[in-house]
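The primary structure of each chain is shown beneath.
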Amino acid sequence: MNFNKKIMPLVLATTITQGLMPFKAFAADDLTPHAGAYGYFVDTYMQNSGGYKPGDTSPATNPAVGALSQFLNIFTPVSGTANGDEWTRGTILDQDIHDQNISTVIDMTAGNTTQAAVTTTGPLVRVFFDDRRNASYSVTDGLGKYTDVFRNLANANTAINGDMLQDALTQKIANDDDREDSHQKGPWASETSELGNMVKLINTLRGGQASGNPSKYFYQYMRPYRWSSEVKLLPTLALDIGSNPNKDGGFPSGHTNAAYLASIGMAYAAPERFQEMLTRASELGNDRIIAGYHSPLDVMGGRMIGTALAASALYDPNNASLKAAAYNEAQTKLFTQAGTSEDRFSDYKKNKEDYIKRLTYGFGQTGDTTIPMKVPKGAEVLLETRLPYLDVNQRRDVLYTTGLESGYPLLDDAEGWGRLNLFAAADGYGAFNSNITVNMEASKGGFNASDRWRNDISGSGTLIKQGTGTLKLGGDNTYSGGTDIQGGTIEADSATAFGVGSVSNESGTVVENVDGLVNIKNDYNQSQNSTLELSIGSKDDVLEVDGNATFNGKLKLDFSNSYIPTSGMTIIKFNSNNTNSRFSSIETTGLPSNYVVNLVYDNNSVRLLIGTSDSSSGSHHNSPSNHTNATNDNVSTNSDKTATDNGVTNKIATEGNTGWQQKNGLWYNLSKEGTINTGWLKDTDGKWYYLDKSGMMKTGWVQSGDGNWYYLDKTGAMQTGWVKDTDGNWYYLNQSGTMEHDKYIDGYYVGSNGAWAE
């Protein structure tokens with residue numbers, strides 16, 4: 001499968017800490033799959049069928065039932081085939097967890113008043129829609145501004161609208177083929193539309209093998225309103241209560257299962273909205289709790305089997321061509337449009353907070369907290385389009401290092417489906433337990449061209465960056481193996497992006513894009529063919545290297561926010577620079593065109609020297625771009641230039657003087673014709689002098705039209721050799737008077753600003 005179409009990344013830049021469930025480097029990096037009693041889910045997913053009466057199925061014969069088997073530690077259903085009330089006679093094994101499960105529903109349904117339910121602008125209208133609409137249609141607003149584009153191009157529609165809210169209080173709203181329990185795909189979208197392959201992929205994931213009903217009939221766990229009369233059903237859905245408990249199961253949530261199946265299918269085709277689609281799926285599940293129809297454990301179970309069933313269909317080789325077609329449709333037909341819909345999921349921080357909270361719903365780690373993470377067979381396919389530059393084992397490693405800790409109710413299944421944290425996995429590795437090579441090719445577009453990892457990365461491994469693409473690191477990282485840039489770009493989007501190891505920029509670009517300090521905890525080494533790019537928007541924007549710094553190659557300075565730095569400002573700090581290394585070239589952006597920037601290298605820092613191209617004071621510190629000898633061609637006797645020194649030079653000329661004349665303590669030179677000389681003048685003493693546009697003799701540093709700097713002593717004569725300036729630094733001028741730089745002279749090194757570097 002070849003994904004070469006250009007993707008338009010929509011990744012947000014905000015970073016937050018993991019908070020509720022921090023990542024951990026597990027004891028053993030064992031990526032080998034672990035089978036359940038049913039085998040491997042991806043190999044047996046088509047066996048998720050039957051089970052419409054007790055005894056039809058079991059954890060050993062049905063992978064969905066088997067993946068949820070940790071629920072048997074909380075509740076044991078009655079066995080046998082009794083009619084009517086057997087679901088009321090199961091045994092609660094963990095009363096505390098069960099009580100917390102139902103009390104959470106009581107709390108979340110407390111606001112279900114009639115007035116709130118029929119308010120079309122309130123949050124409960126979405127709860128009503130998420131119950132009555134086809135889940136495949138509902139979750140499409142996870143596409144953000146592309147929602148209406150998708151719905152139009154896919155011929156997606158729904159019969160359920162806000163006008164039905166008032167009627168729903170007194171009559172049950174007809175299914176209109178929009179309900180999940182109709183066992184129809186309904187009219188949610190067309191497989192023959194412009195986005196027909198995307199529609200078909202979602203329908204395939206939601207095929208006959210994807211029902212949650214076999215698990216419902218096995219576990220026989222009632223809906224929350226049957227456990228407690230304090231659960232307040234949403235009034236617009238209250239008439240949908242079933243009369244027979246054994247036809248009205250709560251665990252697992254079928255709506256949640258459907259939401260994850262549809263959202264993961266959409267996220268596979270449109271990975272630019274990967275985390276947003278996951279958040280939308282979790283929101284739909286959460287709405288089922290607010291409606292009073294499901295409990296947190298129901299929703300957690302729906303997420304588990306929805307994730308496993310989606311991965312199984314995506315892993316199935318029979319669906320390979322459909323996957324590719326759906327992906328290409330999203331890239332070439334959907335994202336090429338100018339979407340204008342509201343994006344309810346534009347806040348990355350809120351998305352992450354909501355999604356993480358809904359993984360465990362506040363349950364504590366009451367089980368074994370020492371179980372190593374396990375990655376289910378085939379689960380890596382879930383990241384196939386989101387992390388396309390990683391190989392199969394690397395994607396498994398991402399799932400491994402971002403998984404939840406063990407011990408939460410229900411989630412410690414044999415294969416590891418319950419502990420997957422796909423939202424975190426979309427933010428890259430959680431730990432480098434070994435050396436990680438990332439090869440990104442920008443020519444492939446999308447995430448191959450640029451991606452951002454926002455997790456807090458730990459571990460002892462090294463990050464090795466290859467290829468031409470850009471990888472951005474935004475977490476509070478502590479990995480110790482260092483960072484090796486062999487190609488492309490590594491961008492620091494946080495102060496501790498590079499962990500605690502050294503950074504070796506061999507043949508790429510290191511970019512700093514942080515307001516304030518960025519810290520490299522060890523050495524920084526840059527080779528000749530590499531670039532260091534610093535973003536400077538204030539005096540606090542400093543790159544701090546705790547170890548030894550070796551500079552070479554290009555330094556690029558990007559001045560932002562109209563910031564004008566002061567001369568002498570420190571931009572890099574380091575512990576030592578024993579090799580007296582220097583950047584070979586400097587490039588700046590963001591400053592006025594007449595500003596010229598160069599560097600001063602001190603024992604522990606690199607500082608800016610700022611000058612302007614129209615200044616004769618201080619601007620000699622700027623390295624000339626070309627080195628050419630001064631010749632007679634530099635002599636100018638342009639009589640068209642008008643002297644402006646209060647008429648002094650004009651007076652000299654009218655008096656018929658020639659040669660050097662002193663007026664008011666200033667020297668001027670007139671030609672044999674009496675016109676005022678300007679520019680370079682070689683006098684009869686064999687020395688060169690410089691006269692400005694008014695004809696006045698200059699002293700000190702002068703930048704000539706050839707771009708080179710020259711030094712004129714107190715008499716105005718051009719100097720050669722070593723010159724000590726008023727700044728206390730020594731500079732070297734060659735026999736032509738041109739200032740030299742970036743070389744050793746007489747055993748001393750002349751820096752890029754022309755000053756002798758100690």
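It should be emphasised that the depicted structure is a prediction, and the values quoted were computed from it without experimental measurement.

Overview of the packing of helix α12 (residues 274–291) against helix α15 (residues 348–360)
Consideration 1: α15 packs onto α12 with a crossing angle of 50° between their chain directions and a minimal axis gap of 9 Å. Judged by the angle between their axes, α12 and α15 are oblique. Of the two possible hands of crossing, α12 and α15 adopt the one that is left-handed. Across the interface between the two elements, Gln275, Glu276, Leu278, Thr279, Ser282, Glu283 and Asn286 from α12 touch Tyr348, Asn351, Tyr355 and Arg358 from α15.
Consideration 2: Across the contact of α12 with α15, the residue classes tally to three nonpolar, five polar and three charged.

Quick notes on the sheet that holds strand β8 (residues 470–473)
Either a parallel or an antiparallel arrangement is found when strands of a sheet pair, and the pairing is made through backbone hydrogen bonds.
Consideration 1: With parallel pairing, seven strands are arranged side by side in an open sheet as β5-β8-β10-β12-β15-β17-β19. Each edge of the open sheet is held by one strand with a lone partner, namely β5 (450–453) and β19 (585–589). Taken pair by pair, the neighbouring strands of this sheet meet at an average axis angle of 15°, ignoring direction.
Consideration 2: The pairing of β8 with strand β10 (residues 489–492) spans four bridges and is parallel. Within β10, the residue paired with Lys472 across the bridge is Glu491.

Focus on the environment of Ile464
Consideration 1: With respect to the element layout, Ile464 can be found in strand β7 (residues 463–467).
Consideration 2: Expressed as a C-alpha distance, the spacing of Ile464 and Ile485, which sit 21 residues apart in the sequence, is 6.0 Å.
Consideration 3: Dropping the residues within four chain positions of it, Ile464 is found in contact with Ile436, Thr437, Val438, Asp484 and Gln486.

Brief notes about the pairing of strand β29 (residues 721–724)
Consideration 1: Sheet analysis places β29 next to strand β30 (residues 730–733), joined by four bridges and oriented antiparallel. Within the sheet, the bridge partner assigned to Gly721 lies in β30 and is Leu733.
Consideration 2: Hairpin connection, β29 to β30: the antiparallel pair is bridged by five residues, and Gly728 has positive phi, about 85°.

Let's talk about unusual backbone geometry
Excluding glycine, a negative phi dihedral is what most residues carry, and trans is how most peptide bonds are arranged.
Consideration 1: The peptide bond linking Phe251 to Pro252 adopts the cis configuration, its omega dihedral lying at -5°.
Consideration 2: Within the element layout of this structure, Pro252 appears in the loop between α10 (224–227) and α11 (254–269).
Consideration 3: The phi angle at Asn155 is positive, at roughly 55°, despite the residue not being glycine.
Consideration 4: Owing to a relative accessible area of 44%, Asn155 belongs among the partly exposed residues under this scheme.
Consideration 5: Phi at Ser562 is positive, roughly 60°, even though this residue is not glycine.
Consideration 6: Following the sequence through the fold, Ser562 ends up in the loop between β17 (554–559) and β18 (570–576).

Remarks on the packing of aromatic side chains
Consideration 1: Per the stated rule, a full pass over the model turns up 27 aromatic pairs.
Consideration 2: Ring geometry for Phe41 and Trp417: centres 5.9 Å apart, planes at 70°, overall edge-to-face. Taken together, the residues span a long stretch of sequence, with Phe41 in helix α1 (residues 41–44) and Trp417 in the loop between α16 (392–402) and α17 (422–425) at a distance of 376 residues.
Consideration 3: We classify Phe41 as buried; its relative accessible area is 0%.
Consideration 4: Ring geometry for Phe71 and Tyr219: centres 5.8 Å apart, planes at 90°, overall edge-to-face. Taken together, the residues span a long stretch of sequence, with Phe71 in the loop between α2 (63–67) and β1 (75–76) and Tyr219 in helix α9 (residues 213–219) at a distance of 148 residues.
Consideration 5: Accessibility expressed as a relative area gives 0% for Phe71, which makes it buried.
Consideration 6: Three or more aromatic residues link up through ring pairs in this structure, and these residues are Phe71, Phe75, Phe218, Tyr219, Tyr221, Trp227 and Phe251.
Consideration 7: Positioned above the aromatic ring of Phe129, the side-chain terminus of Arg133 is 3.8 Å from the ring centre.
Consideration 8: Between the NZ or CZ atom of Arg454 and the centre of the ring of Tyr348, over which it lies, the distance is 3.7 Å.

Procedures and definitions
- All residue numbers refer to position in the chain's written sequence, counted from 1.
- Given that this is a predicted model, residues contribute local features only at a pLDDT of at least 70 and side-chain atom pairs are listed and counted only at 80 or more, while totals for whole chains, interfaces and linings are drawn from all residues.
- With hydrogens and water stripped out, all remaining heavy atoms of the structure feed into the side-chain values.
- Only the stretch in contact is used when a helix axis is fitted, and all axes are lines through C-alpha atoms; the angle between N-to-C directions ranges over 0 to 180 degrees.
- A run of H or I in DSSP becomes a helix once it reaches four residues, and a run of E becomes a strand once it reaches two; helices and strands are each numbered from the N terminus.
- The cut-offs work like this: below 35 degrees is roughly parallel, past 145 is roughly antiparallel, 65 to 115 is roughly perpendicular, and the gaps in between are oblique.
- For any pair of crossing helices, the crossing counts as left-handed if the nearer helix is rotated counterclockwise from the farther one by less than a right angle, and right-handed if it is rotated clockwise.
- Throughout, a contact is declared for two residues whenever any of their heavy atoms are within 4.5 Å.
- The nonpolar class holds Ala, Val, Leu, Ile, Met, Phe, Trp, Tyr, Cys and Pro. Asp, Glu, Lys and Arg form the charged class, and all remaining residues, Gly among them, are polar.
- The pairing criterion for strands is at least two bridges between them, as found by DSSP.
- Accessibility here uses a 1.4 Å probe with only protein chains present; expressed as a share of the type maximum, an area under 20% marks a residue as buried, one over 50% as exposed, and anything in between as partly exposed.
- Only rings of Phe, Tyr and Trp enter the pairing, Trp through its six-membered ring, and a pair is recorded when the two centres are within 6.5 Å. The plane angle decides the type: under 30 degrees is stacked, over 60 is edge-to-face, the rest tilted.
- In our convention, an over-ring charge means Lys NZ or Arg CZ found within 6 Å of a ring centre and within 35 degrees of that ring's normal.

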